[in-house]
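# Residue-level structural notes
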Amino acid sequence: HIPQGYQKDPQELLALVIMLHGRSSNGQRAASRYYGWTELADKEKFIAAFPTALGSPTSWKGAWPGQPTQDSQFLSELIDLLLQQLPIDKNQVFMTGHSSGGFMSFSFAVTHSNQVAAIAPVAGLLIGSKRPVLPISVISFHSMADGIVPYGQKGSSGRGMLTTQESVKFFARHNSCDGSIRSDINQAKVHIDTWRNGKSSTEVQLYSVENGNQGWPRESYHSVAATQIIGQFFKAHPRPLSN
């Protein structure tokens, strides 16, 4: 998706947001108004890409425990291709995803930290303990009532699936961030944990939403507008030019 009204200027490079759909979904649905990424791209003037996974049902295959998969290689090559064809700032490439796409966002951050400055998994978890090469900013959203990807329950796959809190703390430690700071909003139904001052100006945030289910968080008295918050987080966390 190229933002409406964009006039190509060789001096102006845009950010790129890659949005990964959930299990059994596709790129077309990920680009829908339900998520709001095309609308935000038009408003904030960035490029958005919505790839579709293979399989029946469609599902992203994460690189656990750090070994490349067809999907991780595809996304890596997709980023390289878009950088070649479109006016994209290589220091402002970001990835977000829902459920299966959230898992894949965590995975890609571990295996390809040189290609994305920040990730925003929603209803996804980290599997394994392989560390990224570079520091990377993370903002994660998870419903504490999620019955499909439980917030605080370790997986039984034997692959080292972490809980929601453990997943973000892994990156906070990797980035050498300060200790966490908690704040509560929306009648104390949303808890925000923040780890700041990481290497290369990285930051880690976790939005824990008490109510809801596995849906994409949207503005309400007990939830938040995840797309808009993620967009602002991405904007504030490009990769430093030194990297």
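Let me begin by describing the structure that accompanies this report. Numbers given for residues are sequential positions, taken from 1 along each chain in its written order. Note on the predicted model: pLDDT of at least 70 is required for a residue's local features to be given, and 80 or more for side-chain atom pairs to be given and counted; whole-chain, interface and lining totals, by contrast, use all residues. Side-chain measures here rest on the full set of heavy atoms in the structure, leaving out hydrogens and waters.

### Let's talk about the packing of aromatic side chains
To be explicit about the condition: Any two of the Phe, Tyr and Trp rings considered here, Trp counted by its six-membered ring, make a pair once their centres fall within 6.5 Å; the pair's planes then place it as stacked at under 30 degrees, edge-to-face at over 60, or tilted in between. Starting at the N terminus, helices and strands are each numbered in turn, a helix being any DSSP run of H or I of at least four residues and a strand any DSSP run of E of at least two. Only protein chains enter the accessibility calculation, which uses a 1.4 Å probe. A residue is then buried if its area is under 20% of the maximum for its type, exposed if over 50%, and partly exposed in between.
Tallying each qualifying case throughout the model produces seven aromatic pairs. Both rings, one in Tyr35 and one in Trp216, keep their centres 5.1 Å apart while their planes meet at 80 degrees; by these two values the pair is edge-to-face. Of this pair, Tyr35 sits in the loop between helix 1 (27–30) and helix 2 (37–44) while Trp216 sits in the loop between strand 8 (204–209) and helix 6 (226–236), placing them 181 residues apart in sequence. Relative accessible area serves as the criterion here: at 10%, Tyr35 is assigned to the buried category. By relative accessible area, which is 4% here, Trp216 ends up buried. When the centroid spacing of 4.7 Å and the interplanar angle of 20 degrees are considered together, the rings of Phe141 and Tyr207 count as stacked. Here Tyr207 lies in strand 8 and Phe141 lies in strand 5 (residues 137–143), a separation of 66 residues in the sequence.

### Some thoughts on the pattern of salt bridges
As a reminder of what qualifies: Salt bridge criterion: a side-chain nitrogen from Lys or Arg within 4 Å of a carboxyl oxygen from Asp or Glu.
Inspection of every chain in the model, using the stated rule, returns five salt bridges. Here Glu210 ties to Lys189 by a salt bridge, and the two come within 3.9 Å at their closest N and O atoms. Of this pair, Glu210 sits in the loop between strand 8 and helix 6 while Lys189 sits in the loop between strand 6 (181–185) and strand 7 (190–195), and the two are 21 residues apart along the sequence. Among the ionic pairs, Glu203 bridges to Arg196, the shortest N-O distance being 3.9 Å.

### Brief notes about helix 4 (residues 100–111)
Under the convention used in this document: In a helix, the anticipated span is given by 1.5 Å times the number of residues less one. We call two residues in contact whenever any of their non-hydrogen atoms come within 4.5 Å of each other.
End to end, helix 4 covers 17 Å across twelve residues, agreeing with the expected 16 Å (1.5 Å per residue, within 8%). Here helix 4 lies mainly inside the structure; eleven of its twelve residues are buried. For helix 4, every residue scored as buried is listed here: Ser100, Gly101, Gly102, Phe103, Met104, Ser105, Phe106, Ser107, Phe108, Ala109 and Val110. Structurally, helix 4 contributes buried residues whose contacts are with strand 1 (14–20), helix 3 (70–85), strand 3 (88–98), strand 4 (118–122), strand 5 and helix 5 (164–174).

### Regarding a positive patch on the surface
The criterion, for reference: Like-charged residues within 9 Å of one another, or nonpolar side chains (Val, Leu, Ile, Met, Phe, Trp, Tyr) within 5 Å, are grouped into patches, provided each residue has over 30% relative accessible area and no salt bridge. We get accessible surface area from the Shrake-Rupley algorithm with a probe of 1.4 Å; when it comes to residues, only the shown protein chains can shield them. Working convention for charge: Lys and Arg count positive, Asp and Glu count negative, and His plus the chain ends are omitted. A charged residue contributes its charge at one atom only: NZ of Lys, CZ of Arg, CG of Asp or CD of Glu.
The grouping of Arg131, Lys169, Arg173 and Lys199 at the surface amounts to a positive patch. Along the chain, Lys169 turns up in helix 5. Taking relative accessible area as the criterion, Lys169 reaches 36% and is therefore assigned partly exposed.

### Notes on the sheet that holds strand 1
To summarise the sheet geometry, strands pair through backbone hydrogen bonds and adopt either a parallel or an antiparallel arrangement. Put simply, the rule reads: Strands were regarded as paired on the criterion that DSSP finds at least two bridges between them. Angles shown run from 0 to 180 degrees and are taken between the N-to-C directions of axes, each axis being a line fitted to C-alpha atoms and, for helices, limited to the stretch in contact.
As summarised here, the arrangement of the eight strands in space is 2-1-3-4-5-8-7-6, forming an open sheet in which the pairing is mixed. Of all the strands in the sheet, the pair left with one neighbour each is strand 2 (47–49) and strand 6. Taken pair by pair, the neighbouring strands of this sheet meet at an average axis angle of 15 degrees, ignoring direction. Helix 5 rests against strand 5, strand 6, strand 7 and strand 8 of the sheet, and its axis sits at about 170 degrees to strand 8.

### Topic: the packing of helix 2 against helix 6
The relative placement of two packed helices comes down to the angle between their axes together with the axis-to-axis distance. Selection criterion: If an angle is under 35 degrees, it is roughly parallel; if it is over 145, roughly antiparallel; if it lies from 65 to 115, roughly perpendicular; otherwise it is oblique. Handedness of a crossing follows from how the near helix is turned relative to the far one, being left-handed for an anticlockwise turn of less than a right angle and right-handed for a clockwise one. Note on residue categories: nonpolar means Ala, Val, Leu, Ile, Met, Phe, Trp, Tyr, Cys or Pro, charged means Asp, Glu, Lys or Arg, and polar means any other residue, Gly included.
Orientation of helix 2 relative to helix 6, taken along the N-to-C sense of each, is 45 degrees, at an axis distance of 10 Å. In this view, helix 2 runs oblique relative to helix 6, as classed from their interaxial angle. Along this stretch, helix 2 crosses helix 6, giving a crossing that reads as right-handed. Here helix 2 contributes Trp37, Leu40 and Glu44 to the contact with helix 6, which in turn contributes Thr227, Gln228, Ile230, Gly231, Gln232, Phe234 and Lys235. Here the residues of the contact of helix 2 with helix 6 sort into four nonpolar, four polar and two charged.

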